[in-house]
Number of protein chains: 2
Amino acid sequence: MTQTSTPTDSGTTAPQALSPQDMVCFSLYSAVHAMSQAYRPHLEKLGLTYPQYLVMSALWAAEAPPTVGMLSRQLQLESSTLTPLLKRLETMGLLTRRRDAEDERQVRIALTGEGQQMHGRSAHIAGCIAEQSGMSVEELLTLRDQVSRLRDNLRKG
Amino acid sequence: MTQTSTPTDSGTTAPQALSPQDMVCFSLYSAVHAMSQAYRPHLEKLGLTYPQYLVMSALWAAEAPPTVGMLSRQLQLESSTLTPLLKRLETMGLLTRRRDAEDERQVRIALTGEGQQMHGRSAHIAGCIAEQSGMSVEELLTLRDQVSRLRDNLRKG
DNA sequence: GAAATATATATCGTGCACGATTTAATCGAC
DNA sequence: GTCGATTAAATCGTGCACGATATATATTTC
């Protein structure tokens, strides 16, 4: 099927054909989809999508209400992605969006009581996923660091 | 900011707040975006998006024209994702979509000459990305296998 | 302090990506 | 051979995700 190990190639035909299965990028791409699927049943109970959950996680971990720009830098998402997503979370009653009095260009995102409360209801999820991953905590941490390093290098380049 | 190592928590407040940066899922999520950005300048010259490039890669590596279902299983994408994507590639003149004579439910995807030819023009890209990753080939292969294992485990669970 | 510049969000258009549903063809039971 | 069940694509609606652009506030220059 993928014929990586069958060099039948003899010049006239195409360059060695790397199938998606051979590529690092595809492993990441498909792993993200699998991850999103794994989260889905848990997040459905909270009424969240995976990207919404990431934003909520950032807010739960923040010491003070961040601006849209801070979230944008932390999550590496454009304002054109975040703005509508944040509006949806606002409509759900999980957060508020308020222009900063000091700098009216910025918008501060603050959790509501309901948004804060959801943290407790989400606390078990990470553990479930970790278990489902079939990898040890050590392996997962190593993998996380390797993947983060790859990401940072790609950004710099 | 993320306060992973500052256990100021004392019961009344939220459970330990895992920030996105601490999570394996986020490292994968952000790495995929970074990867897509890294591919962008190369793929722009071909007029392809990253998912379109994946489909083309699958076709370049295939021995015979696969069906939509085969591509769906290989790339783990729904027909609702593939069908419009394939239609765009067809419009670009890179492939043809033809119902199988043996089984009229299936649609066979075949490269056109132009689509076949693009393989050569894309051959250098993987190497550029590998270089940009700042990781050795060995490291990349190990990472690929680890990430693939994680993905497969998540799917099974 | 007015004009030029820079920064922070928001808006718009396009293309994934999925779940749910639909349509159409094949297969099975009888 | 016909009816019911299964399978393969396609369609529909929603929500990311981005680049390009717009808008509005802040900063800098003069």
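Residues numbered from 1 in each chain as written. Chains lettered and ligands numbered in written order. Predicted model: local features only at pLDDT ≥ 70, side-chain atom pairs only at ≥ 80, totals over all residues. Heavy atoms only, no water.

Participant: Help me out: how do you make sense of the nonpolar core in this one?
Facilitator: Proteins that are soluble and globular tend to have nonpolar side chains buried together. By size, the foremost hydrophobic cluster in this structure holds 88 residues, and its most contacted members are Leu28(A), Tyr39(A), Leu150(A), Leu28(B), Tyr39(B) and Leu150(B). When residues of this core are assigned to domains, at least three map to each of domain 1 (48-122) and domain 2 (124-157) of chain B. Ignoring sequence-local partners within four residues, the contact set of Tyr39(B) consists of Cys25(A), Tyr50(B), Tyr53(B), Ile125(B) and Ile129(B). (Core = buried A, V, L, I, M, F, W, Y, C linked by side-chain atoms within 4.5 Å. Buried < 20%, exposed > 50% of the residue type's maximum accessible area, 1.4 Å probe, protein only. Domains from an automatic or database assignment. Contact = heavy atoms within 4.5 Å.)

Participant: What's the story with the environment of Ser36(A) in this structure? I'm lost.
Facilitator: Residues and elements named next belong to chain A. Its location among the elements puts Ser36 in helix α1 (residues 24-46). On the basis of relative accessible area, Ser36 is assigned to the partly exposed category, the value being 23%. Here the alpha-carbon distance between Ser36 and Tyr50, two residues 14 residues apart in the chain, equals 6.3 Å. (Helix = DSSP H or I, 4+ residues; strand = E, 2+ residues; numbered from the N terminus.)

Participant: How do you make sense of the protein's contact with DNA strand C when you look at a structure like this?
Facilitator: In the neighbourhood of DNA strand C, 30 residues make up the surrounding shell, with Tyr29(A), Thr83(A), Lys87(A), Arg97(A) and Arg88(B) lying closest. Near the protein, within 4 Å, the atoms of DNA strand C are sugar or phosphate in 74% of cases. Here a phosphate oxygen of DNA strand C sits 2.6 Å away from a polar atom, N or O, in the side chain of Arg97(A). For DNA strand C, a phosphate oxygen lies 2.8 Å from a polar atom in the side chain of Thr49(B). Contributions of two or more residues to the surface near DNA strand C are made by α1, α3 (68-75), α4 (79-91) and β1 (95-99) of chain A together with α2 (50-61) and α4 (79-91) of chain B. (Near = heavy atom within 4 Å. Polar contact = N/O pair within 3.5 Å; in protein donor to acceptor, adjacent residues only side chain to side chain.)

Participant: For this particular structure, what's the right way to read the layout of surface pockets?
Facilitator: By rolling a water-sized probe across the atoms, one finds the places where empty space is left. If you add up the space inside the largest pocket, you get close to 950 Å³. At the level of elements, α1, α3 and α7 (137-156) of chain A together with α1 (24-46) and α2 of chain B are the ones that each hand at least two residues to the lining of the largest pocket. For the lining of the largest pocket, the element with the most residues is α1(B), which contributes 11 residues. Residues of the lining of the largest pocket, tallied by class, amount to 16 nonpolar, 13 polar and seven charged. (1 Å grid on protein atoms, 1.4 Å probe; cavity = no way out; pocket = protein on both sides within 12 Å on 5 of 7 lines; lining within 4 Å. Points joined across faces, edges and corners; volume = space filled by probe spheres on them. Nonpolar A, V, L, I, M, F, W, Y, C, P; charged D, E, K, R; others polar.)

Participant: Help me understand the confidence of the model for chain A, please; the structure alone is not making it clear to me.
Facilitator: Low pLDDT means the predicted atomic positions in that stretch should not be read closely. On average, residues of chain A score 92 in pLDDT, and 90% of them reach the 70 mark or higher. Below pLDDT 50 for its whole length, residues 1-11 of chain A participates in 10 contacts with residues either more than four positions away or in separate chains. (pLDDT = per-residue confidence, 0-100.)

Participant: Teacher, can you tell me more about helix α3 (residues 68-75) of chain B here?
Facilitator: An α-helical turn contains 3.6 residues, so any two residues separated by three or four positions project in the same direction. Regarding α3(B), the residues found buried are Val68(B), Leu71(B), Gln74(B) and Leu75(B). Considered in projection along α3(B), the buried side chains sweep an arc of 130 degrees and stay on one side of the axis. Where the residues of α3(B) are buried, they touch α1 of chain A together with α2, α4 and β2 (107-111) of chain B. In the stretch just after α3(B), Gln76(B) is the one whose phi turns positive, near 55 degrees. (Arc of directions from axis to C-beta.)

Participant: Help me understand unusual backbone geometry in this model?
Facilitator: Negative phi characterises most residues that are not glycine, and trans characterises most peptide bonds. Phi at Gln76(A) is positive, roughly 60 degrees, even though this residue is not glycine. Mapped onto the elements, Gln76(A) comes out in the loop between α3 and α4.

Participant: I would appreciate a short explanation of the relation of the copies chain A and chain B in the present structure.
Facilitator: The operation relating the two chain copies consists of a rotation about an axis and a shift along that axis. Structural alignment of chain A on chain B gives an RMSD of 0.0 Å, achieved by rotating through 180 degrees and translating 0.0 Å along the axis. Overall, the copies show the geometry of a two-fold rotation axis. Residue Leu28(A) of chain A places its C-alpha closer to the rotation axis than any other residue of that unit, at 3.2 Å. When the interface residues of chain A are mapped onto chain B, 98% of them again lie at the interface, so the same face is used by both copies. (Least-squares fit on C-alpha atoms with pLDDT ≥ 70 in both.)

Participant: Just checking my understanding: could you explain helix α6 (residues 125-132) of chain B for this structure?
Facilitator: Within α6(B), burial applies to Ile125(B), Ile129(B) and Gln132(B). Viewed end-on, α6(B) has its buried residues packed into an arc of 60 degrees, placing them on one side of the element. Against α7 of chain A together with α1 and α5 (113-122) of chain B lie the buried residues of α6(B). Among the residues trailing α6(B), Gly134(B) stands out with phi positive, at a value near 70 degrees.

Participant: Looking at this structure, how should I read the protein's contact with DNA strand D?
Facilitator: Among the 30 residues in the neighbourhood of DNA strand D, the closest are listed as Arg88(A), Tyr29(B), Thr83(B), Lys87(B) and Arg97(B). Counting only atoms of DNA strand D within 4 Å of the protein, the sugar-phosphate share comes to 74%. Glu78(A) has a polar backbone atom sitting 3.4 Å from a phosphate oxygen of DNA strand D. Those elements that provide at least two residues to the surface near DNA strand D are α2 (50-61) and α4 of chain A together with α1, α3, α4 and β1 (95-99) of chain B. Tallied by class, residues from the surface near DNA strand D come to six nonpolar, 13 polar and 11 charged.

Participant: Can you help me understand the interface of chain A and chain B in this one?
Facilitator: Interfaces are often described in size by the accessible area the parts lose on coming together. The interface is formed by 63 residues belonging to chain A together with 62 residues belonging to chain B. Taking both sides of the interface into account, the surface hidden between chain A and chain B amounts to around 5800 Å²; carbon and sulfur atoms contribute 68%. Our count for the chain A to chain B interface comes out at two salt bridges. Salt-bridge contacts for Arg149(A) lead to Glu139(B); the nearest nitrogen and oxygen are separated by 2.7 Å. In this assembly, chain A and chain B are joined by 14 residue pairs in polar contact (both at pLDDT 80 or more). Contributing elements (two or more residues each) for the side of chain A that touches chain B: α1, α2, α3, α5 (113-122), α6 (125-132) and α7 of chain A. Looking at which element gives the most residues to the side of chain A that touches chain B, the answer is α1(A), with 14 residues. Its residues assigned to classes, the side of chain A that touches chain B comprises 37 nonpolar, 19 polar and seven charged. (Buried area = accessible area lost by both parts, 1.4 Å probe. Salt bridge = Lys/Arg side-chain N within 4 Å of Asp/Glu carboxyl O.)

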